[in-house]
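# Structural characterization, general
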Amino acid sequence: MLLSDDIKVLKGIADKTAEAFYSAGLFNLNDVLHYLPRSYERLSEIKLLSAIECDGKVTLSGRVSSEACLIRRGGRSILQFSFSDESGSARVSVFNMPWLKKSIFPGRKIIMNVYARRKGVSVFLSQPKFLSEKEYEDGIKNLKPVYPLTKSLSETLIRKAVAQVLPLAGDIREYLPDDVVRERKLMPIAHALRKMHAPSDMEEVYAARRRLAFDEFFLFLARMELLKDGTEKIKSSYSLNDPERSFEKIRDRLPFKLTSAQITSLMDIYRDMKSGYCMNRLLQGDVGSGKTIVAFLSALAICDDGHQAAIMAPTEVLARQHYEDAVAMSRKYDLTFKPVLLSGSLKAKEKRLVKEGIKNGDHNLIIGTHALIQDDVEFKDLGLMITDEQHRFGVRQRMALAVKGRDVHVLVMSATPIPRTLGLILYGDLDVSLINELPSDRLPVKNAIMGNDEHKKIYQFILKRISEGRQAYIICPMVEDGEMEDVSNVTEYTEEIRRIFPPEVRIDMLHGKMKSDDKNSVMERFAKHETDILVSTTVIEVGVNVPNSTVMVIENAERFGLSQLHQLRGRVGRGSYQSYCIFVTGAESGRVSKKTSERLAILKESNDGFRIAEEDLKQRGPGDFFGLRQSGLPYFKIADIYTDATLLKETKQSLERIISSGSADLGRLKQALSEKEEMSYSDFHGICL
Ligand code: ADP
Ligand code: MG
């Protein structure tokens, strides 16, 4: 067998099962080898019901203490029974496994691994996995990899495939020079892949993961390096004479005075545009610092000079918001903007029309999602390309390719707080402008950390703000466990609070699996204040701007990385009203762990994204870096720029050495890059035990 062979060559995988793999993006054996566990489980030792404090998986031992009853609701069946151990009893719910009914009878002794949720004095158990004595004994000894699953791809199938593919890992060639492997104490690549799937202990997992993280950084940096093309500055045919004039025209009519950091950044940009060379600039500014207006004023100078500017946003919601702002601004100040929105959700015919308009110059301010660089859009005369919330490096590279060889000014904007040293590595080829102050009308956001037994207080607080005319966000965490999906989590939460709040309070919800039209209309209603509370997953993390929304409640805050919490908090405090951010922990107020309260305290003390990222990094020990993905940079599936900061620096040094040594190593590297172009890791959310 070869790694390039189709998945069907494996024993026990025929046409129908192969489809399950294909639909999960796994086509050949190499794909299986790179489909990495998302965590590792060691069965926890048996616990007493009374000792359960937080939500999560536990192992329990005791007896069935009631008859099992089977309910059908919607398309689902729920089997329920009582379970008791020496410390108490709890209700167990089993979804969609009606056949278990005959084996559940009062008095039967069971050991089970089960999801537990505490509500006040009661504990609720769901989706148990029953274990024999032997299974329990083995389980507490050995590490078991947990793979990301899809609807059709089951755990059994994945394990079956991995077991057959692992012996082939040796076929993966080492592409790093020996001295790099030695100097950085890296596991050889084949070994690392093997150990990710079958580790004996966590030490091995850490070492294997470190090697793969090194590779991710290495390949990323190497591609950037090769994109640079030797020549540093490209001559521009969009050299403007007097971009400042575009700003002066409306400066005194804007609803606010720009902060001096905004003006300095804008002047940096204008200077680039006059220089005769292409701008290649990063505009970095914390959430709410006002990057959008700087982007618009940059685009205005290009449009005033008769060319086109494009703004690319990471989500439809955000693209639409920018588009509407641009239209409003253009009307209000009678600008030269002729804005258009190009998004993935347009119907084919509309899209064609929009594209035609871009090609023949009917539109000069083109706002859109990735569709802008993906769907071979032809511009008549593109002079400036802006990307908003540019923390997706993958996109950055594709954009670099899209504008490569064309003399377009490039401005990327980011709110991701990247400590300076890392920024130099990741954005080394960019000039940087920093907006390091917030508009002066802002009141600092007030923070609170609360327990999950204090919801009544929290809801009363929200109600009070709503009665004053404000709005609120509530963030439900993403649930990692397959059995309780995101969607149902948000849906259930929304239904629950609809019952709690008076009927005149308008509550809506938003999650990633909604159709983009629906997402847009939910967001639009919220922006127009036709909704009072928006219950959402982290999809609203980036960019959304509704200054009238002044309360942010984040449920299970301990499950998020600090930088992500900071981004979420950035959705409030965007206007002149006092705003509030409430971090709700999964535990009751008296029982929050020391670690959680220390971490959250950082957020309470600081509103500076850079500091938060650095402090968080300091608080974690080296063995601590699994679990919470910090940066939310989806391009790196395994590595994390904060927690692996040292590794990133080492990687950079190694790469520089290879490049400066020229010759054989460099040749091999280029070869490896082209081979690895298509390689991707499975969605790897870090490892938590
Ligand atoms: P971000 O940097 O997070 O993209 P935005 O550009 O969305 O921030 O700006 C946040 C809010 O602040 C917007 O409502 C915007 O109109 C407002 N704003 C921008 N600059 C200023 C300023 N100098 N003074 C007051 N408000 C401002
Ligand atoms: Mg923004």
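No experiment lies behind these values; they were computed from the predicted model shown.

## Focus: the overall build of the protein
Along its length, the protein carries 23 helices and 22 strands. For the protein, the proportion of its 689 residues judged to be buried stands at 53%. The contacts in the protein between residues at least 6 apart in sequence include a share of 74% that link residues at least 24 apart. As displayed, the protein offers around 31,200 Å² of accessible surface, 51% of which is attributable to carbon and sulfur atoms.

## Let's talk about the packing of aromatic side chains
Tallied over the full model, the rule gives 7 aromatic pairs. Among the aromatic residues, those joined into a cluster by ring pairs are Tyr175, Phe214 and Phe218. The positively charged end of Arg470 is found above the aromatic ring belonging to Tyr577, 3.6 Å away from the centroid.

## Overview of the sheet that holds strand S21 (residues 549–554)
The 6 strands are arranged S17-S22-S21-S18-S20-S19 in an open sheet whose pairing can be described as parallel. Either end of the sheet is taken by a strand with one partner, and the two such strands are strand S17 (446–450) and strand S19 (507–510). Shown here is a sheet whose adjacent strand axes are inclined to one another by a mean of 20 degrees, direction ignored. Two elements, S19 and strand S20 (residues 533–536), share 4 bridges in a ladder whose sense is parallel. Looking across to S20, one finds that Asp508 is bridged to Leu534. This element, helix H18 (residues 516–527), spans strand S18 (471–475), S19, S20 and S21 of the sheet and lies at about 140 degrees to S19. Each of S17 and strand S22 (580–584) is contacted by helix H20 (residues 594–605), which is oriented at about 165 degrees to S17, the strand it contacts most.

## Quick notes on the sheet that holds strand S16 (residues 431–435)
With parallel pairing, the 7 strands of this open sheet are ordered in space as S12-S13-S11-S14-S15-S10-S16. What marks the edges here is a single partner per strand, and that holds for strand S12 (339–342) and S16. Strand-to-strand twist of the sheet, defined as the mean angle between neighbouring strand axes without regard to direction, takes the value 20 degrees. Here 4 bridges tie strand S14 (residues 382–387) to strand S15 (residues 409–414), and the two strands are oriented parallel to one another. In the sheet register, Ile386 faces S15, and the bridge partner there is Leu411. Sheet contacts for helix H11 (residues 316–333): strand S11 (308–312), S12 and strand S13 (365–368); angle to S12, the most-contacted strand, approximately 170 degrees.

## Looking at the nonpolar core
Of all hydrophobic cores here, the largest spans 65 residues; its most connected members are Phe21 and Leu153. For this core, the element with the highest residue contribution is helix H7 (residues 202–228), accounting for 13 residues. If near-sequence neighbours (up to four positions away) are discounted, Leu153 is found in contact with Ala20, Phe21, Ala24, Leu26, Tyr35 and Ile158. In this structure, Leu254, Cys303, Leu335 and Leu365 belong to the second largest nonpolar core, which totals 40 residues.

## Structural notes on the site of ligand 1
In the vicinity of ligand 1 lie 18 residues, with Lys257, Gly288, Lys291, Thr292 and Arg442 positioned nearest. Separating an oxygen atom of ligand 1 from a side-chain N or O atom of Lys291 is a distance of 2.8 Å. In the model, an oxygen atom of ligand 1 is placed 2.6 Å from a nitrogen or oxygen of the Thr292 side chain. Protein chains shield 87% of the accessible area of ligand 1, which is 570 Å² for the free molecule. Taken together, the residues of the shell around ligand 1 break down into 5 nonpolar, 7 polar and 6 charged.

## Side note on the packing of helix H9 (residues 260–274) against helix H10 (residues 291–304)
Relative to each other, H9 and H10 sit at 30 degrees, their axes nearing to 10 Å. The pairing of H9 with H10 is recorded here as roughly parallel in orientation. The chirality of how H9 crosses H10 is right-handed. Residues Gln262, Leu266, Ile269, Tyr270 and Met273 of H9 pack against Ile293, Val294, Leu297, Ser298, Ala301 and Ile302 of H10.

## Some points on the pattern of salt bridges
If charged atoms from side chains of opposite charge come close, those side chains can pair. Under the counting rule described, the total for this entry stands at 27 salt bridges. Notably, a salt bridge pairs Glu155 with Arg159, separated by 3.1 Å at the nearest N-O pair. Here Glu155 pairs with Arg159, and both are found in helix H4 (residues 155–165), just 4 residues apart, close to one helical turn. On the basis of relative accessible area, Glu155 is assigned to the partly exposed category, the value being 29%. Since its relative accessible area comes to 26%, Arg159 is described here as partly exposed. The residue Asp532 makes a salt bridge to Arg506 at a minimum N-O spacing of 3.0 Å.

## Examining the packing of helix H8 (residues 244–251) against H10
Their axes nearest at 8 Å, the elements H8 and H10 cross at an angle of 115 degrees. Of the two elements, H8 crosses H10, and the hand of that crossing is right-handed. In this structure, H8 uses Ser246, Phe247, Lys249 and Ile250 to contact H10, whose residues at the interface are Leu297, Leu300, Ala301 and Asp304. Residue classes in the contact of H8 with H10 are distributed as 5 nonpolar, 1 polar and 2 charged.

## Digging into the environment of Lys649
Relative to the helices and strands, Lys649 is located in helix H22 (residues 645–661). The sequence separation of Lys649 and Ile425 amounts to 224 residues, and the corresponding C-alpha distance is 7.6 Å.

## Re the side chain of Ser330
The residue Ser330 is located in helix H11 in this model. A distance of 3.3 Å separates the side chain of Ser330 from the backbone oxygen of Phe337, its partner in a polar contact. Setting aside chain neighbours within four positions, we find Ser330 in contact with Leu335 and Phe337.

## Quick word on the confidence of the model for the protein
Of all residues in the protein, 87% have pLDDT values of 70 or greater, and the mean over the chain is 84. Contacts from residues 621–634, a stretch scored under 50 in pLDDT, to residues over four places away or in other chains number 49 contacts. Counting contacts from residues 677–689, a segment whose pLDDT is below 50, to residues more than four positions away or on other chains yields 47 contacts.

## Regarding the environment of Asp272
Inspection of the secondary structure puts Asp272 in helix H9. Separated by 33 residues in sequence, Asp272 and Ser239 have C-alpha atoms that sit 8.5 Å apart. Among all residues touching Asp272, those that are not within four sequence positions of it are Tyr277, Met279, Arg281 and His409.

Calculation rules
Residues numbered from 1 in each chain as written. Chains lettered and ligands numbered in written order. Predicted model: local features only at pLDDT ≥ 70, side-chain atom pairs only at ≥ 80, totals over all residues. Heavy atoms only, no water. Helix = DSSP H or I, 4+ residues; strand = E, 2+ residues; numbered from the N terminus. Buried < 20%, exposed > 50% of the residue type's maximum accessible area, 1.4 Å probe, protein only. Contact = heavy atoms within 4.5 Å. Areas by Shrake-Rupley, 256 points an atom, 1.4 Å probe, with all protein chains shown as cover. Phe/Tyr/Trp six-rings, centres within 6.5 Å; stacked < 30°, edge-to-face > 60°. Lys NZ or Arg CZ within 6 Å of the ring centre and 35° of its normal. Pairing = 2+ DSSP bridges. Axes fitted to C-alpha atoms, helices over the stretch in contact; angles between N-to-C directions. Core = buried A, V, L, I, M, F, W, Y, C linked by side-chain atoms within 4.5 Å. Near = heavy atom within 4 Å. Polar contact = N/O pair within 3.5 Å; in protein donor to acceptor, adjacent residues only side chain to side chain. Nonpolar A, V, L, I, M, F, W, Y, C, P; charged D, E, K, R; others polar. Parallel < 35°, antiparallel > 145°, perpendicular 65-115°, else oblique. Left-handed = near helix turned anticlockwise from the far one by under 90°. Salt bridge = Lys/Arg side-chain N within 4 Å of Asp/Glu carboxyl O. pLDDT = per-residue confidence, 0-100.

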